[in-house]
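# Examination of the molecular architecture
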Amino acid sequence: PYLSMVFYATFRYRISMASSAASYQHLRRYRFLFFRYMPEAYWYGAVTLLRSVLICLVPVVFRDLPSLQILGLSILLLVFCTLQLNTKP
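Nothing here was measured: the structure is a model prediction, and the numbers come from that model.

## Observations concerning the overall build of the protein
Counting secondary structure elements, the protein contains five helices and zero strands. Each helix and strand of the protein, ordered N terminal to C terminal, gives the series α-α-α-α-α. A globule of 89 residues ought to have a C-alpha radius of gyration of about 12 Å, yet the protein, at 16 Å, is considerably larger. Buried residues in the protein amount to 27% of all 89 residues.

## Details of a nonpolar patch on the surface
A surface patch of nonpolar side chains, about 550 Å² in accessible area, is lined by L3, F7, L50, V53, L57, V60 and V61. Those elements giving two or more residues to the nonpolar patch turn out to be α1 (2–18) and α4 (44–61). Of all the elements, α4 adds the most residues to the nonpolar patch, at five residues. Along the chain, the position of L57 falls in helix α4.

## Examining α4
Compared with the 26 Å implied by 1.5 Å per residue over 18 residues, the 25 Å span of α4 between its first and last C-alpha is a close match. The set of residues buried in α4 consists of Y44, G45, A46, V47, T48, L49 and V58.

## Topic: the environment of L78
Residue placement: L78 occurs in helix α5 (residues 66–87). Linking L78 and L33, residues 45 residues apart in sequence, is a C-alpha distance of 23 Å.

## Re the side chain of T10
Along the chain, T10 turns up in helix α1. A relative accessible area of 10% means that T10 is categorised as buried. In this structure the side chain of T10 is engaged in a polar contact, spanning 2.8 Å, whose partner is the backbone oxygen of V6. Once residues within four sequence positions are removed from consideration, T10 is found in contact with L33, F34, Y42, W43 and A46.

## Some thoughts on α5
Given 3.6 residues per helical turn, the α-helix brings residues three or four places apart onto the same face. When the terminal C-alpha atoms of α5 are compared, their 31 Å separation across 22 residues agrees well with the 32 Å that a helix rising 1.5 Å per residue should span. When α5 is considered as a whole, its buried residues turn out to be Q69, L76 and F80. End-on, the buried residues of α5 take up no more than an arc of 50 degrees, which puts them together on one face. In α5, the exposed positions that point more than 90 degrees away from the buried face belong to S67, I70, L78, L85 and N86. Structurally, α5 contributes buried residues whose contacts are with α4. Remark: K88 follows α5 within two positions and exhibits a positive phi of approximately 50 degrees.

Cut-offs applied
- Residues numbered from 1 in each chain as written.
- Predicted model: local features only at pLDDT ≥ 70, side-chain atom pairs only at ≥ 80, totals over all residues.
- Heavy atoms only, no water.
- Helix = DSSP H or I, 4+ residues; strand = E, 2+ residues; numbered from the N terminus.
- Rg over C-alpha atoms; globule rule 2.2 N^0.38 Å.
- Buried < 20%, exposed > 50% of the residue type's maximum accessible area, 1.4 Å probe, protein only.
- Patch = residues over 30% accessible without salt bridge, like charges linked within 9 Å, V, L, I, M, F, W, Y side chains within 5 Å.
- Areas by Shrake-Rupley, 256 points an atom, 1.4 Å probe, with all protein chains shown as cover.
- Salt bridge = Lys/Arg side-chain N within 4 Å of Asp/Glu carboxyl O.
- Expected span 1.5 Å × (residues − 1).
- Polar contact = N/O pair within 3.5 Å; in protein donor to acceptor, adjacent residues only side chain to side chain.
- Contact = heavy atoms within 4.5 Å.
- Arc of directions from axis to C-beta.

Structure, rendered in C-alpha cells:
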C-alpha cells in the first residue's frame, strides 16, 4: 500500500500544483517525498523508493545464487547511479 500511495502522490503532484488551495495541502501531506529534490525532479522520490524495493528483492529472488545476487545488485546500482547522474535531482 505504501508504494502505491507514493506513486499516487507523485502522479497528483502536477495536478495539485495547478490549484493553489490543493497544492498547499498536497505539499504539506507529502513533503517527505518532494523536499529533497528540485521542483523539476519531483518524481525522484518515487524512483528512490523503487530502487530501495528492488535492492531488497534481489537477495530474495536469487536466494541460492550469490553470483547472480552480486551481478543483479551491480546492474541495479549502475542503472540508478546513471539515472541520478543524468537527471541531477
